[in-house]
Amino acid sequence: MSTVETRHSIFPDWLRRALDGLYLVSGWMAGLFLIAIFLLMMALSAGRPLDIDVPAGDDFASWCMAASAFLGLAHTFRSGEMIRVGLLVERIKGPARRVIEVVALTIGTVALVYFAWFAFDMTKTSYQFNDLSQGVIAVPLWIPQLGFCGGLIVLAIAFVDELLHVIFGGSPRYEKPEPETAEEVIERAIQSGA
């Protein structure tokens, strides 16, 4: 953790480490679901010529894809890899930029808390009513909904964390520093696909 981040941190060190650990674990879980998708797709592909059927393989692969996508969001956001449209924000400097960052983070936080709450409510309702999937294998729907719900909750926590950090004087941690060398500019252009 840099000295600038430490000076502006509003959370105790143990909480900062716990939050960063939560985002990292969420990212690792997204990666594990990607591996599960790979294994399922390989089993489905290799099973066809061998007349081996993977029951509900497509259902499980789609649930893993949703879990991977949503669980990876918080880690992607905190790593500065989430796609942002910064055409306006990047041109503004000084206090006006901080205001725009706070407004953008506030709107994002409100939207994410709203979506996370309703995802949690949907998952809880599926559990209470024992909703089952309609595929070949009847799976309680709350189980695959956990990845979607959990990913949104962790992303909402990341947005609240970042909003508080910026409000109390920190610079946004999701922004990468300006490239200092021509090689860094080229590397970022390659990574962005530009």
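All residue numbers refer to position in the chain's written sequence, counted from 1. Reporting of local features is limited, given that this is a predicted model, to residues whose pLDDT is at least 70; pairs of side-chain atoms are given and counted only at 80 or more, and all residues count toward the totals for whole chains, interfaces and linings. Water and hydrogen atoms were dropped before computing side-chain values, which therefore reflect all heavy atoms in the structure.

**Describing the overall build of the protein chain**
Consideration 1: The helix and strand tally for the protein chain stands at seven helices and zero strands.
Consideration 2: By the criteria applied, helices consist of DSSP H or I runs no shorter than four residues and strands consist of E runs no shorter than two, each listed in order from the N terminus. Taken from N to C terminus, the helices and strands of the protein chain fall in the order α-α-α-α-α-α-α.
Consideration 3: Residue burial in the protein chain is summarised as follows: out of 194 residues, 30% are buried.
Consideration 4: Any two residues having at least one pair of non-hydrogen atoms within 4.5 Å are treated as being in contact. Put simply, 70% of the contacts in the protein chain that link residues at least 6 apart link residues at least 24 apart. Only protein chains enter the accessibility calculation, which uses a 1.4 Å probe; a residue whose area is less than 20% of its type maximum is buried, one above 50% is exposed, and one in between is partly exposed.

**A look at the packing of aromatic side chains**
Consideration 1: Ring pairs are drawn from Phe, Tyr and Trp, using the six-membered ring of Trp, whenever the two centres fall within 6.5 Å, and their geometry is named by plane angle: stacked under 30 degrees, edge-to-face over 60, tilted for the rest. Using the criterion set out here, one finds seven aromatic pairs in the structure.
Consideration 2: Where Phe60 meets Trp63, the ring centres are 5.3 Å apart and the plane angle is 90°; that geometry is what we call edge-to-face. Pair noted here: Phe60 and Trp63 are both in helix α3 (residues 57-71), with a separation of three residues, about one helical turn.
Consideration 3: Under the relative-accessibility criterion, Phe60 is labelled partly exposed at 27%.

**Concerning helix α6 (residues 142-167)**
Consideration 1: Here, expected helix span is obtained from the residue count minus one, scaled by 1.5 Å. With 26 residues, α6 extends 36 Å between its outermost C-alpha atoms, agreeing within 8% with the 38 Å of an ideal straight helix rising 1.5 Å per residue.
Consideration 2: Remark: Gly169 follows α6 within two positions and exhibits a positive phi of approximately 105°.

**Regarding the nonpolar core**
Generally speaking, a soluble globular protein has its nonpolar side chains buried in company with each other.
Consideration 1: Core analysis: the biggest nonpolar cluster contains 20 residues, and Tyr23, Ala74, Phe77, Leu105, Leu112, Leu155 and Phe159 have the highest contact counts within it.
Consideration 2: Elements supplying a minimum of two residues to this core: α2 (13-47), α4 (73-78), α5 (95-128) and α6.
Consideration 3: For Leu105, the contacting residues outside a window of four places in its chain are Phe77, Phe159, Glu162, Leu163, Val166 and Tyr174. In plain words, nonpolar cores are sets of buried Ala, Val, Leu, Ile, Met, Phe, Trp, Tyr and Cys residues tied together by side-chain atoms within 4.5 Å.

**Some points on the pattern of salt bridges**
Consideration 1: By definition here, a salt bridge exists when the distance from a side-chain nitrogen of Lys or Arg to a carboxyl oxygen of Asp or Glu is within 4 Å. Here the structure, examined in full by the defined rule, presents nine salt bridges.
Consideration 2: Residue Arg16 pairs with Asp20 through a salt bridge whose shortest N-O separation is 3.2 Å. With a gap of four residues between them, Arg16 and Asp20 both fall in helix α2, about one helical turn apart.
Consideration 3: Here Asp161 ties to Arg173 by a salt bridge, and the two come within 3.0 Å at their closest N and O atoms. In this pair, Asp161 sits in helix α6 while Arg173 sits in the loop between α6 and α7 (182-192), placing the two residues 12 residues apart along the sequence. Note on accessibility: Asp161 and Arg173 belong to one class, buried.

**Let's talk about the packing of α3 against α6**
Consideration 1: The angle between two axes is taken between their N-to-C directions and runs from 0 to 180 degrees, where each axis is a line fitted to C-alpha atoms and a helix contributes only its stretch in contact. Following both chains from N to C, one finds α3 and α6 inclined at 10°, their axes separated by 7 Å at the closest point. It follows from the interaxial angle that α3 and α6 lie roughly parallel. Residue-level contacts link Trp63, Ala67, Phe70 and Leu71 of α3 to Pro144, Gly147, Phe148, Gly150, Gly151 and Leu152 of α6.
Consideration 2: Residue type decides the class: Asp, Glu, Lys and Arg count as charged, Ala, Val, Leu, Ile, Met, Phe, Trp, Tyr, Cys and Pro as nonpolar, and the leftover types, Gly among them, as polar. Tallied by class, the residues present in the contact of α3 with α6 amount to seven nonpolar, three polar and no charged. These descriptions rest on fixed angle ranges, namely under 35 degrees for roughly parallel, over 145 for roughly antiparallel, 65 to 115 for roughly perpendicular, and the rest for oblique.

The values are spatial; any link to function lies outside them.
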